[in-house]
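# Examining the three-dimensional arrangement
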Amino acid sequence: MKVATIKRMLLLFGALSAFLGAFNVVANAQDDGWVQWSAEEGGNGHFYKFVFVDQRITWARAIEAALMLHPLSSLATITSTEENAFVADLLRDTWSEIPGGWYHCVWLGGIQTLGADQPDEGWRLTTGEPFDYTNLLSTEPNDAWGDEIYLVALPGDMMPWNDWLPGVPLYHYLVELSYPNDGHTVAIDFKTNNHRNVINPRSRGRVWVAILSDSDFDAQQVDPATIALGRAGATPDRYIVGD
């Protein structure tokens, strides 16, 4: 009897602590305070996290801080009325406990191109998505205090937006985390070739990870250079293609 073989790509990873604990997206989100706008709710499947800092933070530092939370996260870029309503609802209870004042606005992932002739020209989202939707106040953007080139959200039920100055830090920023999804779930295996892999995050040990093929997916066609696992985006030290 012929035994069917499974095409696979074997990847050898080191520095396990760089990516362990990040395979289960939902578990991480629950543990770390992320909230998902799920597809079942009509959402985009992305995760969101509202961050408060004791020492006010600039927009540029907030961009860096967002990346520190996860290599695939960024300041939130809101692209629809529905997404804005979801985020506003997410923050409503938090904002009810936040003092008022301009410093309690929230950094978002929007920026105006330097040298724009008018306050409402040259705006773009940091993720490269089209800037087709806005929730700006009717009088904004207006450069009221100078060259206000960054996008912020104001506390409130509808979470209206405003433009803001580069050199004036704020207490809050909103982070959005999206995982690439091509509609196909890929199986991986930590126990290849019947060998039991002992995973110790505190060691410098290595572990083989197998990407498995199925009827709709050929693991051997994956470019190893495009693979990054977990929070630190760990890349394989070497790989083997085989059955």
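Residues numbered from 1 in each chain as written. Predicted model: local features only at pLDDT ≥ 70, side-chain atom pairs only at ≥ 80, totals over all residues. Heavy atoms only, no water.

## A closer look at the overall build of the protein chain
- On a plain count of helices and strands, the protein chain comes out with three helices and 12 strands.
- For the protein chain, buried positions account for 40% of its 243 residues.
- Here the analysis covers contacts within the protein chain between residues at least 6 apart in sequence; of these, 69% occur between residues at least 24 apart.
- Accessible surface, the protein chain as shown: approximately 14000 Å² in total, 50% of it carbon and sulfur. (Helix = DSSP H or I, 4+ residues; strand = E, 2+ residues; numbered from the N terminus. Buried < 20%, exposed > 50% of the residue type's maximum accessible area, 1.4 Å probe, protein only. Contact = heavy atoms within 4.5 Å. Areas by Shrake-Rupley, 256 points an atom, 1.4 Å probe, with all protein chains shown as cover.)

## Section: the nonpolar core
- Ranked by size, the top nonpolar core spans 24 residues in total, and within it Ile57, Leu75, Trp107, Val152 and Tyr173 carry the most contacts.
- Going through the elements one at a time, β3 (47–57), α2 (59–69), β5 (106–112), β7 (150–153) and β9 (170–177) are the ones with two or more residues in this core.
- Counting 20 residues, the second largest nonpolar core, distinct from the first, contains Val87, Trp123, Leu151 and Met159. (Core = buried A, V, L, I, M, F, W, Y, C linked by side-chain atoms within 4.5 Å.)

## Topic: the environment of aspartate 132
- Within the secondary structure layout, aspartate 132 lies in the loop between β6 (123–125) and β7.
- With relative accessibility at 71%, the residue aspartate 132 sits in the exposed group.
- Distance from aspartate 132 to isoleucine 78, taken between C-alpha atoms, is 9.9 Å for residues 54 residues apart in sequence.

## Some points on the pattern of salt bridges
- Inspection of every chain in the model, using the stated rule, returns two salt bridges.
- Across the salt bridge formed by arginine 61 and glutamate 64, the nearest N and O atoms sit 3.6 Å from each other. One end of the pair is arginine 61 and the other is glutamate 64, both in helix α2 and three residues apart, which spans about a single turn.
- By relative accessible area, glutamate 64 is classed as partly exposed at 48%.
- Close ionic contact of aspartate 89 with arginine 92 constitutes a salt bridge, the shortest N to O distance being 2.7 Å. Here arginine 92 and aspartate 89 lie together in helix α3 (residues 81–95), a separation of three residues that amounts to about one turn.
- Judged by relative accessible area, which is 32%, arginine 92 ranks as partly exposed. (Salt bridge = Lys/Arg side-chain N within 4 Å of Asp/Glu carboxyl O.)

## Quick word on α2
- Listed in full, the buried residues belonging to α2 are Trp59, Ala62, Ala65 and Ala66. Considered in projection along α2, the buried side chains sweep an arc of 110° and stay on one side of the axis. Among the exposed residues of α2, those pointing more than 90 degrees away from its buried face are Arg61 and Met68.
- Buried residues along α2 sit in contact with β3, β4 (73–75), β5, β7 and β9. (Arc of directions from axis to C-beta.)

## Points about a nonpolar patch on the surface
- Residues Trp102, Tyr103 and Trp145 make up a contiguous nonpolar surface patch of about 360 Å² in total accessible area.
- Structurally, tyrosine 103 is set in the loop between α3 and β5.
- Tyrosine 103 sits in the partly exposed class, given a relative accessible area of 41%. (Patch = residues over 30% accessible without salt bridge, like charges linked within 9 Å, V, L, I, M, F, W, Y side chains within 5 Å.)

## A word on unusual backbone geometry
- A cis amide bond, omega -10°, links glutamate 140 with the succeeding residue proline 141.
- Here proline 141 is to be found in the loop between β6 and β7.
- A positive phi angle, close to 50°, is found at aspartate 143, a residue other than glycine.
- Following the sequence through the fold, aspartate 143 ends up in the loop between β6 and β7.
- For methionine 159, which is not a glycine, the phi torsion comes out positive at approximately 45°.
- Mapped onto the fold, methionine 159 is located in the loop between β7 and β8 (161–164).
- In this structure methionine 159 comes out as buried when scored by relative accessible area, which is 0%.

## A word on the confidence of the model for the protein chain
- Per-residue confidence for the protein chain averages 77 on the pLDDT scale, and 68% of its residues sit at or above 70.
- A low-confidence stretch, residues 15–31 stays under pLDDT 50, and its non-local contacts, those more than four residues away or across chains, total 30 contacts.
- Note that pLDDT drops below 50 for residues 197–203; the model gives that stretch 11 contacts with residues more than four away or on any other chain. (pLDDT = per-residue confidence, 0-100.)

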